[in-house]
Amino acid sequence: MMFTVLRQRNFALLWFGGMISQIGDWLLQVGLPVYVYQLTGSALATSILFLVSFGPNILLGSVAGVFVDRWDRRRTMLIGNLLMALGLLPLLLMHDKSSFWILYPVLFFEAIVSQFILPAENALVPLLVSEERLVTANALNAVGTSASRLAGGALGGILFGLFGLYTTIGIDLVSFLFVVAMLMLMKMPPQAQEEIAAERLAAEKVSARLPDWRTLGAEWRDGIQLIWRQPPLRVLFVMLAAQCLGEGVFGIMLVIFVKLVLNGGAAAYGILLGVQAVGSLLGGLVMGQFGTRAAPARLLGVCTCIFGFIDLLIIDLPLFVKGGVVLVGVLFVLVGIPAAGMQASRQTLNQILVEDRLRGRVFGANQAVMALMQLIGMILAGLLGDRLGPVFLLNIQGSVYFLSGVLALLTLGGMMLKRREVSRETVGV
């Protein structure tokens, strides 16, 4: 059942191109920090690599969605990937410590362009597969992401060690061009083309009434207001914000947890990150095969509760049960199954609840709040970590997931049912 979605040619091209591109990205993400630290010996210079993308994510994510809704999504992705490929070329000019500064504006540029590509891709998927196949399609995207992380993460260090940074830059550049080739082979269905044309015409009529800057502001407000006007979208947005705050805390505190509670070092930390990717891959496969058997709203609530429960086991079981890294590693694999269910069902609900002309704005707003809340979570972890300790903070993080799952179970199902009833009445009228 799962891989029948890949028989839909357009989605298969998008999926395969995205997976190859992500492998290229992981190769570079592994190689660049090693290169910078070897070159500078500075932890600060290395950490800036991870922080440089937060600015574009927070400031441009939501606004970029407005332009995504104005433009053809396939063309936006095509041009965006071309720009990403060209943007990597200045990295070939880095030769020593005096020229490594080139890296920061390049990464900043790449982060800006990615703000347009990601919402365009998320908004494009519902035009390529039917609504009943959206959970499967989104689960397949999760599989592709996890497989890319495993392949790119493993190969990144090997290729950098054997051939140096320029090889990984070249492979990442080629991976963007591969996406361009896949997008050029796509042919949008006639019905989708008609819907897009009608919505673009309506948007142009609205734009003609106002100066461009006012139009941009009005369109941006339309997307934000839609989130707060539709109760299901509001619940999804609040859940996402709370969970991303916890993820920011988790990203910082996991290292400390491994050291203080599991008595492990860098190797144990690396193993856990590796098996986490294995769990995500397994979860994507399970959800792609069986995820359509439950309504997306119910699937989201159940998977989020299970995720939060396993998260709490990861933090608290090692305090009472022997096993250390092995026990936590097994739980890291298991938690990947509900994690994939959360991701696929949340994505599906956003795609179902939002009409095509507004999808880019909603996905852009989600992208911005994810980056903002993760950054706040990292800051809070840095300020409170030494005082409160990793176990206390990570228990709060796991509890947030469990409680947000309960919120979804108590609210989303009824909201979606009411929405369907209103839709039937409207059609009947």
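Keep in mind that what you see is a predicted model, and the values were worked out from it rather than measured.

Engineer: Which residues make up the overall build of the chain, and what values go with them?
Structural biologist: Per the secondary structure count, the chain includes 15 helices and zero strands. A buried classification covers 48% of the 429 residues belonging to the chain. Of the contacts formed within the chain by residues at least 6 apart in sequence, a portion of 86% connects residues at least 24 apart.

Engineer: Got a sec to walk through the pattern of salt bridges? Specific residues and values, please.
Structural biologist: Tallying each qualifying case throughout the model produces four salt bridges. Here Asp-356 ties to Arg-359 by a salt bridge, and the two come within 3.4 Å at their closest N and O atoms. Here the residue Asp-356 and the residue Arg-359 both occupy positions in helix α14 (residues 356-388), the gap between them amounting to three residues, near one helical turn. Each of the two residues, Asp-356 as well as Arg-359, counts as buried. Residues joined by salt bridges that share partners form a network here, namely Asp-69, Arg-73, Asp-356, Arg-359 and Arg-361.

Engineer: Now, about the confidence of the model for the chain: what can you tell me, with residues and values included?
Structural biologist: Per-residue confidence for the chain averages 81 on the pLDDT scale, and 85% of its residues sit at or above 70. Within the model, pLDDT remains below 50 along residues 206-211, and this stretch shows four contacts once partners closer than five positions in the same chain are excluded.

Engineer: Could you give an account of the environment of Ala-142, with specific residues and numbers?
Structural biologist: Assignment of secondary structure puts Ala-142 in helix α6 (residues 134-163). A residue is classified by how much of its surface remains accessible, and Ala-142, at 3% relative accessible area, is buried. Counting along the chain gives 198 residues from Ala-142 to Ala-340, while the straight-line C-alpha distance between them is 6.6 Å.

Engineer: Can you break down the side chain of Asp-311 residue by residue, with the values?
Structural biologist: Relative to the helices and strands, Asp-311 is located in helix α12 (residues 296-320). This buried residue, Asp-311, is left without a salt bridge; Arg-346 holds the nearest opposite charge, at 12 Å. Setting aside anything within four residues of it in sequence, one finds Asp-311 in contact with Phe-250, Gln-397, Gly-398 and Tyr-401.

Engineer: Give a detailed account of the packing of aromatic side chains, specifying residues and quantitative values.
Structural biologist: The full count for this structure, using the stated rule, is seven aromatic pairs. With a centroid separation of 4.5 Å and an interplanar angle of 50 degrees, the aromatic rings of Phe-307 and Tyr-401 are classed as tilted. In this pair, Phe-307 is assigned in helix α12 and Tyr-401 in helix α15 (residues 390-428), connecting sequence segments 94 residues apart. Each member of the pair, Phe-307 as well as Tyr-401, is classed as buried. Members of the aromatic cluster, each reached through a chain of ring pairs, are Phe-67, Trp-71 and Phe-116.

Engineer: An account of the nonpolar core is requested, with residue identities and associated values reported.
Structural biologist: The biggest cluster of nonpolar side chains holds 53 residues, and the ones touching the most others in it are Leu-349 and Leu-412. Of all the secondary-structure elements, those providing two or more residues to this core are α6, α9 (212-229), α10 (231-260), α11 (266-290), α12, α13 (324-353), α14 and α15. Element by element, the count of residues in this core is highest for α10, at 14 residues. The residues contacting Leu-412, other than those within four sequence positions of it, are Pro-232, Val-235, Leu-236, Ala-297, Leu-300, Leu-349 and Leu-407. The next biggest cluster of nonpolar side chains, apart from the first, holds 48 residues, and it includes Val-5, Leu-14, Leu-140 and Ile-169.

Engineer: Tell me about the environment of Pro-126, and name the residues and values.
Structural biologist: Mapped onto the secondary structure, Pro-126 falls in the loop between α5 (103-124) and α6. Owing to a relative accessible area of 15%, Pro-126 belongs among the buried residues under this scheme. C-alpha separation for the pair Pro-126 and Ala-137, spaced 11 residues apart in sequence, amounts to 9.2 Å. The contact partners of Pro-126, leaving out residues within four places of it in the chain, are Leu-134, Gln-351 and Arg-359.

Engineer: I'd like a description of a nonpolar patch on the surface, backed by residues and values.
Structural biologist: Side chains of Ile-79, Leu-83, Leu-86, Leu-89, Leu-92, Phe-109 and Tyr-166 sit close together on the surface and give an oily, nonpolar patch of about 600 Å² of accessible area. Sort the elements by how many residues they give to the nonpolar patch and helix α4 (residues 73-87) lands first, with three residues. The topology assignment puts Leu-89 in the loop between α4 and α5. Take Leu-89: its relative accessible area is 40%, and that puts it in the partly exposed class.

Engineer: With reference to specific residues and values, describe the side chain of Ser-148.
Structural biologist: Among the secondary structure elements, Ser-148 is positioned in helix α6. Among the polar contacts made by the side chain of Ser-148, one reaches the main-chain carbonyl oxygen of Met-19 at a distance of 2.9 Å. There is a polar contact of 2.6 Å between the side chain of Ser-148 and the backbone oxygen of Gly-144.

Engineer: Can you tell me about α4, naming the residues and giving the values?
Structural biologist: Here α4 contains 15 residues, and its C-alpha end-to-end distance of 20 Å stays within 8% of the 21 Å for a straight helix at 1.5 Å per residue. Of the residues flanking the start of α4, the one acting as N-cap is Asp-72, its side-chain oxygen 3.1 Å from the backbone nitrogen of Arg-74.

Conventions and cut-offs
Residues numbered from 1 in each chain as written. Predicted model: local features only at pLDDT ≥ 70, side-chain atom pairs only at ≥ 80, totals over all residues. Heavy atoms only, no water. Helix = DSSP H or I, 4+ residues; strand = E, 2+ residues; numbered from the N terminus. Buried < 20%, exposed > 50% of the residue type's maximum accessible area, 1.4 Å probe, protein only. Contact = heavy atoms within 4.5 Å. Salt bridge = Lys/Arg side-chain N within 4 Å of Asp/Glu carboxyl O. pLDDT = per-residue confidence, 0-100. Lys, Arg positive; Asp, Glu negative; His and termini not counted. Phe/Tyr/Trp six-rings, centres within 6.5 Å; stacked < 30°, edge-to-face > 60°. Core = buried A, V, L, I, M, F, W, Y, C linked by side-chain atoms within 4.5 Å. Patch = residues over 30% accessible without salt bridge, like charges linked within 9 Å, V, L, I, M, F, W, Y side chains within 5 Å. Areas by Shrake-Rupley, 256 points an atom, 1.4 Å probe, with all protein chains shown as cover. Polar contact = N/O pair within 3.5 Å; in protein donor to acceptor, adjacent residues only side chain to side chain. Expected span 1.5 Å × (residues − 1).

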